[in-house]
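What follows is the residue order along each chain.
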Amino acid sequence: MDISPHVLAVFDPEVLWTIALGTLGGIVIGALPGLTATMGVALLIPLTFGMAPILGLNMLIGIYIGGIYGGCVSAILLRTPGTPSSAATVLDGYPLAQKGEAGKALGMATIASFVGGIIAAVVLAALAPQLATLALKFGPAEYFALAVFGLTIIASLSQDILKGAIAGLAGILIGCVGADPISGISRYTFGISGFASGFAFTPALIGLFALSEVFSQIEKILSDRVERMKVSGIWPSRADLKGSLTTMVRGSVIGTFIGIIPGTGSGTASWISYNEARRTSKTPEKFGTGHMPGIAATESANNAVCAAALIPLLALGIPGDVVTAVLMGGLMIQGLAPGPMLFQQHPDIVVGIFTGTFVATIFMLVFGLLGIRFFTQILRVPRRILTLAIVVFCFVGAYSINLNVVDLYTMVGFGVLGYFMHKFGFSQAALCIALILGPMAESNLRLGLMSADDNVGVLLSGPITATFLILAALSLLLPLYRSYRGRRVAVAAQ
Amino acid sequence: MVAEARDDVIRRKTDCQLALFLMLFCAFAAWRTTLIPASGTGTRAGPDFFPWLAIIGIAVLALALLLRGLRTSPRPKPEAGAGRIGYGVLSLFAVLMVAYAATFERVGYLPSTIVMYVIGMLLLKERRVVHFLLVPVAVVLGVYFGFTGLLDVYLP
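Parameters and conventions
Residues numbered from 1 in each chain as written. Chains lettered and ligands numbered in written order. Predicted model: local features only at pLDDT ≥ 70, side-chain atom pairs only at ≥ 80, totals over all residues. Heavy atoms only, no water. Helix = DSSP H or I, 4+ residues; strand = E, 2+ residues; numbered from the N terminus. Buried < 20%, exposed > 50% of the residue type's maximum accessible area, 1.4 Å probe, protein only. Contact = heavy atoms within 4.5 Å. Areas by Shrake-Rupley, 256 points an atom, 1.4 Å probe, with all protein chains shown as cover. Salt bridge = Lys/Arg side-chain N within 4 Å of Asp/Glu carboxyl O. Polar contact = N/O pair within 3.5 Å; in protein donor to acceptor, adjacent residues only side chain to side chain. Nonpolar A, V, L, I, M, F, W, Y, C, P; charged D, E, K, R; others polar. Phe/Tyr/Trp six-rings, centres within 6.5 Å; stacked < 30°, edge-to-face > 60°. pLDDT = per-residue confidence, 0-100. Expected span 1.5 Å × (residues − 1). Core = buried A, V, L, I, M, F, W, Y, C linked by side-chain atoms within 4.5 Å. Domains from an automatic or database assignment.

What follows deals with the overall build of chain A. Check the secondary structure of chain A and you find 21 helices and 2 strands. When the 494 residues of chain A are sorted by exposure, 64% land in the buried category. Contacts in chain A between residues at least 24 apart in sequence constitute 79% of all its contacts with a sequence separation of at least 6. Carbon and sulfur atoms make up 68% of the accessible area of chain A, which totals about 17,600 Å².

This paragraph deals with the interface of chain A and chain B. Residue-level contacts link 56 residues of chain A with 66 residues of chain B. Summed over the shared surface of chain A and chain B, the number is 2 salt bridges. Note that A:Lys163 is salt-bridged to B:Asp15, the shortest N-O span being 2.9 Å. For the interface between chain A and chain B, the tally reads 9 residue pairs in polar contact (both at pLDDT 80 or more). Elements represented by at least two residues in the side of chain A that touches chain B include exactly helix 9 (161-175), helix 10 (201-222), helix 17 (383-402), helix 18 (405-423) and helix 19 (428-451) of chain A. Looking at the side of chain A that touches chain B residue by residue, the classes come out as 43 nonpolar, 3 polar and 10 charged.

Residues and elements named next belong to chain A. When you line up the elements, Glu142 lands in helix 7 (residues 140-151). What makes Glu142 buried here is its relative accessible area of 13%. Through-space distance from the C-alpha of Glu142 to that of Leu460 is 8.2 Å; in sequence the pair is 318 residues apart. Glu142 has contacts with Lys137, Ile464, Thr465 and Phe468, leaving out every residue within four places of it along the chain.

Residues and elements named next belong to chain A. Inspection of the entire model under this criterion finds 20 aromatic pairs over all chains. Taking the centre distance of 5.9 Å and the plane angle of 55° together, the rings of Phe215 and Tyr419 count as tilted. Of this pair, Phe215 sits in helix 10 while Tyr419 sits in helix 18; the two residues are 204 residues apart in sequence, bridging distant segments of the chain. Taken individually, Phe215 and Tyr419 each receive the classification buried, so the pair is uniform in this respect. With 6.3 Å between their ring centres and 10° between their planes, Phe420 and Phe424 make a pair best called stacked.

Turning our attention to unusual backbone geometry. With the exception of glycine, most residues fall at negative phi, and the peptide bonds are largely trans. Even without being a glycine, A:Leu403 presents a positive backbone phi close to 50°. Relative to the elements of secondary structure, A:Leu403 occurs in the loop between helix 17 and helix 18. Unlike most non-glycine residues, B:Lys125 shows phi in positive territory, near 65°. Examined against the element boundaries, B:Lys125 turns out to sit in the loop between helix 4 (109-123) and helix 5 (129-150). Taking the relative accessible area as the measure of exposure, B:Lys125 reaches 46% and is therefore partly exposed.

All right, on to the confidence of the model for chain B then. Residues at a pLDDT of 70 or more form 79% of chain B, whose mean pLDDT is 82. Every residue in residues 76-82 of chain B is under pLDDT 50, and counting partners more than four places away or in other chains gives 4 contacts.

Before going further, it helps to spend a moment on helix 19 of chain A. Residues and elements named next belong to chain A. Taking 1.5 Å of rise per residue, the 24 residues of helix 19 would be expected to cover 34 Å, and the 35 Å separating its terminal C-alpha atoms lies within 8% of that figure. Counting buried positions over the 24 residues of helix 19 gives 20, a clear majority of the element. N-capping of helix 19 is provided by Ser427, with a side-chain oxygen placed 2.9 Å from the backbone N of Ala430.

We now examine the environment of A:Ile401. For A:Ile401, the position within the fold is in helix 17. For the pair A:Ile401 and A:Pro203, spaced 198 residues apart in sequence, the C-alpha separation works out to 8.4 Å.

Residues A:Trp271, A:Phe395, B:Phe93 and B:Met97 are the most contacted members of the largest nonpolar core, which totals 202 residues. The element contributing the most residues to this core is helix 4 (residues 53-78) of chain A, with 17 residues. Each of domain 1 (2-70) and domain 2 (84-150) of chain B gives at least three residues to this core. With residues near it in sequence (within four places) discarded, B:Phe93 still touches A:Val214, A:Phe215, A:Ile218, A:Leu388, A:Val391, B:Gly120 and B:Leu123.

As structure tokens, then:
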């Protein structure tokens, strides 16, 4: 089959313009705390109704890719993850901004996002049907093992493993608030109907990272310890790029793999990628202090998820994450049923989407790099004004997700919790990871036990499950071994 | 070196207090967990399985934190906090956040946000009238028109 006409159709000026507009809009939406790529796609789906499928769908994909990338802007500049997928970027991005290297951090994030997006798009174009079949092999036991593997990240992320583990367990307990995922029984809701479905994740995240930072900033302003952040350079150095290349490629592969597994999402991918980057680094102690490979790991992974999540959607009709679930609606209002038949009945659409993914990723790179100088101007705003402006964005972002005032209380509560956690050395990242992966681990373990008649051995014996559990054990034991060896070396040196 | 050692001791003492707080929290959470009804989900791992796992885990780790804290002695009193006034303002700021959340929907975005911003600027010791009156109005209106006009997001 000659696909060149379908490829060339995307290079029509009208299609290019639409993709560019979608990508730019996505970056703006993603950069605003609380406004997620999902919301951007959902808001604009009605606009695409009257458009030709190739125009409308590629515009939505542009918003998706731009939205996931845009989350890094506020994560790096304001310690406020624009989207949940950029929460891990805060760890190294914000310290870099504090050192006056916000421009370089944004540059690295943009390049890593581009690399992740392109690698996943190549995989999407080459292996979509085959990979989608692999993803179908994931049952409750495999998801549980994946969640356990993800939770072991906590061990390597925490400077104080004891406090990190406490934060992780607290995250699991907080994740239990609301209706039990299997029986529907209410847990810890105290009769408040707003908590019936648990704490809203994005407001909790905004509180945990952004509002807690507002409290810290207030403390600094009051004690006159506030430093005006300088902004220098927009390009990561050649050494930075060279040092992050392997991490970027690894992050892209992790993001692609996680992206094809339905229901996991870019948040999980970016944390796992960050953990792997740190675990395999020769200088793991630099992670969390403003280390370029930290940004490369998270941003390559979360943007790789974008294209990869399209694989099960297009090949099997199963959305890979929440955004692709909304995108599925976009396909359906165009009269297209995603699944294996889509490849046979509408090759023009499939090839158009594949090509559009490449084009949107290139636009993301261009807009991202051009926008860095503009984005970093935010840091020149006086601290008092900026701090309170962040509060306004936090509230508007948290409220606009569900238009529910309970989400505002959730955000304030998590803000206070995050402030004290930071103050007393508990890892906010550990709590965040557990909030994402705890409910996933719980529901899949219990579903798996139900289907295996409570036989744990049967549940955990599959090859994929066993692989993840071995990786989890390694991920947990290596930091402990390193710490033990470090102590031995220190004792020997004395 | 002396300062580092003192910080370490302060940290250890705080660890003891944190561990006790965590144990109290675990007792409370355990009581609430006993109120979760058991249900026939076809597995021994019911709706209270994961909560118990987390609670027991936190309690054990809190005990470890307590023991770690107790191993450090003697404990000099931490210096009087330079940030006592700061903590007062932080508490006021937390109250302001709760009040803002309570009025956000009832009073509406514009009035509640402008009032919050002005009070916030005053709490942050901003005394220039242009800064604590005009800047809030400009920022709040800018955000309002950006969200409602450009992004079509509803604000009360």
